[in-house]
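Observations on chain architecture
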Amino acid sequence: MSTGPGALSAPAHNPDHDTTRNRTFSSLKVRNYRLFFTGAIVSNTGTWMARITQDWLVLSLTGSAAAVGITTALQFLPMLLFGLYGGVIADRYPKRYLLMISQGALGLCGLALAVLTLSGHVQVWHVYLIALLLGMVTVVDNPARQSFYSELVGPAQVRNAVSLNSANFQSARLVGPAVAGALIASVGSGYAFLVNGLSFLAPLASLMLMRTSELHQVERAPRGKGQLREGLRYVAGRPELIWPIALVGFVGTFGFNFPIWLTAFSDDVFHAGAGTYGFLNTLMAVGSLIGALLAARRGTSRLRLLVGGAVAFGVLEIAAALSPSFWLFALLLVPIGMFGLTVNVTANSSVQLATDPVMRGRVMSLYMMVFVGGTPVGAPLLGWITDTYGARVGFATGGAVSLVAAVVIGLVLARLGGLRVKVEMRGRHPHVRFVPREHLATAA
């Protein structure tokens, strides 16, 4: 896929190894990855409980979808401002120790919000502040965690490990919202935050139990000036990196504002409560889990799959926004989750495999910066559109931007690859495909 130096870090095609590599759960054969995976199941469940509870708490305190957007924006603002510095830190220091520190800090933030809520003193500015603190921690946690996969399983299994981690995250999304909804309805929001804070003990234990001798050693960047600029120059000179990162930036900024839209649809369109909000999140998680398991079975990360997934994602969001009934809207969330996860995993793994190991932390920090760091721009904007023009217009706007970005970047990638669009009429229906330019000229 890549012709740059980073392509050397990607596994070469070897038919003898395809069967093993394409097995859905092959990374779980690695003991260190099993520990990491198990700890993540617990903390991810707590994280999803906290996300659902946080969004519903803010909506209850303010009655505003825009306030939910501000909370989301504050959580991701540090990634936008400081994300690249987090990548420099991840390339310079042992990632296992960085993750121990960051996971402990995330747990403390969860416990702080639990104490405020259980004591009855929580105010919306408390939620804003803790969201900002969480964002500061993830500046280091995200690139360290994303680039740690290659140390856990080696480069040949990176794609499978990324996909299984996404499946892990989405599996927790099936359980977390349902548990959160039950706790909110029965004993209040504070206990959901308490469970989240305690859940980070699991990944801390898994990191401590790892056998460091079995980690795949990678070169660490030495101390020096200009490392951030070096990372930016590295990405700028490689189309196989910059265009997938640009596409997930548009999709993440405008298409992934589900806390805003699902709270607005639950409250304003369907006039339901926290239970329905949790149910809609669960349906999206089902689709995301399906997408993650399908991605784990694939042996390669093709850019055409990335573009096609983004096109389908945008179209489905527009269709859901225009859905006349609750059940049609709910059912469309399943394929939306599936294609959204396909975009994320395909872009993530293709970027990792095309990057030299010594640069991986900085490249993945840029990836995460544009994927989630755009939220401080997209969330308040889409929250304002949702409050002003309604949930349907807000959701359709996010889908339309994702669709246009996918089409434009798909055409750019096709041009860089020496391809052109060819439209053929097959019966009454047009058929669109990419063909080499020489083939098109010969056919003409």
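Along each chain, numbering runs from 1 in the same order as the chain's sequence is written. Owing to the predicted nature of the model, reporting of local features is limited to residues with pLDDT of at least 70; listing and counting of side-chain atom pairs is limited to 80 or more, with chain, interface and lining totals taken over all residues. Computation of side-chain values covers all heavy atoms of the structure but excludes hydrogens and water.

1. Brief notes about the overall build of the chain
- A helix here means a DSSP run of H or I that spans at least four residues, while a strand means a run of E at least two residues long, and both kinds are numbered starting from the N terminus. Check the secondary structure of the chain and you find 18 helices and two strands.
- Sorting the 444 residues of the chain into buried and exposed places 55% on the buried side.
- Throughout, a contact is declared for two residues whenever any of their heavy atoms are within 4.5 Å. Intrachain contacts of the chain at a sequence separation of at least 6 include 83% that bridge at least 24 residues.
- Reported accessibility uses the Shrake-Rupley method at a 1.4 Å probe radius. Residues are deemed covered only where the shown protein chains occlude them. When the accessible surface of the chain is summed, it comes to about 18700 Å², and 66% of that surface belongs to carbon and sulfur atoms. Exposure categories follow from relative accessible area, calculated using a 1.4 Å probe and restricted to protein chains: below 20% of the type maximum is buried, above 50% is exposed, and the middle band is partly exposed.

2. Regarding the packing of aromatic side chains
- A pair of aromatic rings is counted whenever rings of Phe, Tyr or Trp (Trp by its six-membered ring) have centres within 6.5 Å, and the orientation is called stacked for planes under 30 degrees apart, edge-to-face for over 60 and tilted otherwise. As enumerated under the stated definition, the model contains 21 aromatic pairs in all.
- On the basis of an interplanar angle of 70° and a centroid distance of 5.9 Å, the ring pair of phenylalanine 265 and phenylalanine 395 is categorised as edge-to-face. You can see phenylalanine 265 sitting in helix 11 (residues 258–269) and its partner phenylalanine 395 sitting in helix 17 (residues 391–416), a full 130 residues away along the chain. Both residues of the pair, phenylalanine 265 and phenylalanine 395, count as buried.
- Each ring is checked for a lysine NZ or an arginine CZ that lies within 6 Å of its centre and within 35 degrees of its normal; such an atom marks a charge sitting over the ring. The ring of tryptophan 48 is capped by arginine 51, whose NZ or CZ atom sits 4.9 Å from the centre of that ring.
- Over the ring of tyrosine 234 we find arginine 238; its NZ or CZ atom is 3.9 Å from the centre of that ring.

3. A short note on the environment of leucine 331
- Along the chain, leucine 331 falls in helix 14 (residues 326–353).
- Residue leucine 331 is classed as exposed on the basis of its relative accessible area of 55%.

4. Quick notes on the side chain of threonine 282
- Mapped onto the elements, threonine 282 comes out in helix 12 (residues 274–297).
- Judged by its relative accessible area of 19%, threonine 282 is buried.
- Non-local contacts of threonine 282, meaning those with residues more than four positions away in its chain, are made with Arg173, Leu174, Pro177 and Ala178.

5. Considering the packing of helix 4 (residues 95–118) against helix 8 (residues 201–209)
- It is at 9 Å that the axes of helix 4 and helix 8 come closest, and there the two elements cross at 160°. Classed by the angle they form, the pair helix 4 and helix 8 counts as roughly antiparallel. The interaxial crossing formed by helix 4 with helix 8 has left-handed handedness. Facing Arg96, Leu99, Met100, Gln103 and Gly104 of helix 4, the residues of helix 8 in contact are Pro203, Leu204, Leu207 and Met208.
- Class assignment of the residues belonging to the contact of helix 4 with helix 8 gives a composition of six nonpolar, two polar and one charged. Think of each axis as a best-fit line through the C-alpha atoms, taken over the contacting stretch in the case of a helix, with angles from 0 to 180 degrees between the N-to-C directions. For classification purposes, an angle smaller than 35 degrees is called roughly parallel, one larger than 145 roughly antiparallel, one from 65 to 115 roughly perpendicular, and anything else oblique. Should the near helix be turned anticlockwise from the far one by less than a right angle, the crossing is left-handed, and should it be turned clockwise, the crossing is right-handed. Any residue outside Ala, Val, Leu, Ile, Met, Phe, Trp, Tyr, Cys, Pro, Asp, Glu, Lys and Arg is labelled polar, Gly included; the first ten of those are nonpolar and the last four are charged.

6. Let's talk about the pattern of salt bridges
- The salt bridge criterion pairs a side-chain nitrogen of Lys or Arg with a carboxyl oxygen of Asp or Glu, the two atoms within 4 Å. Scanning the model with the defined rule gives three salt bridges in all.
- The partner of lysine 95 in a salt bridge is glutamate 151, with the nearest N and O atoms 3.3 Å apart. On the criterion of sequence distance, the pair formed by lysine 95 in helix 4 and glutamate 151 in helix 5 (residues 124–153) is long-range, its members being 56 residues apart. Pair check on accessibility: lysine 95 and glutamate 151 agree, each one buried.
- Across the pair glutamate 214 and arginine 211 runs a salt bridge, and its minimum N-O distance is 3.1 Å.
- Its relative accessible area of 35% is what places glutamate 214 among the partly exposed residues.

7. Considering helix 7 (residues 189–199)
- Every buried residue belonging to helix 7 is among Ser189, Gly190, Ala192, Phe193, Asn196, Gly197 and Ser199, and all of these are buried.
- Where helix 7 is buried, its residues meet helix 2 (31–62), helix 4, helix 6 (158–186) and helix 8.

8. Thoughts on helix 5
- By definition here, a helix of n residues has an expected span of 1.5 Å times n minus one. An ideal rise of 1.5 Å per residue puts 44 Å on 30 residues; helix 5 measures up with 42 Å between its terminal C-alpha atoms.
- A residue's bend is simply the angle between two axes: one fitted to the seven residues ending at it, one to the seven starting at it. The sharpest bend along helix 5 measures roughly 40° and falls at threonine 138.
- The element helix 5 is largely enclosed, with a buried count of 23 among its 30 residues.
- Within two residues after helix 5, glycine 154 carries a phi angle of roughly 85°, on the positive side.

9. So, the nonpolar core
- Residues Leu247, Phe258, Phe329, Leu333, Ile336, Tyr367 and Phe395 are the most contacted members of the largest nonpolar core, which totals 83 residues.
- In this document the domain limits rely on a domain assignment from an automatic tool or a database. Split by domain, the residues of this core number at least three in each of domain 1 (29–210) and domain 2 (227–420).
- Once residues within four sequence positions are removed from consideration, tyrosine 367 is found in contact with Ile245, Val248, Asn344, Ala347, Asn348 and Val351.
- We call a set of buried residues a nonpolar core when its members are Ala, Val, Leu, Ile, Met, Phe, Trp, Tyr or Cys and they connect through side-chain atoms within 4.5 Å of each other. Counting residues in hydrophobic clusters, the runner-up holds 30 residues, among them Tyr33, Leu204, Leu207 and Ala292.

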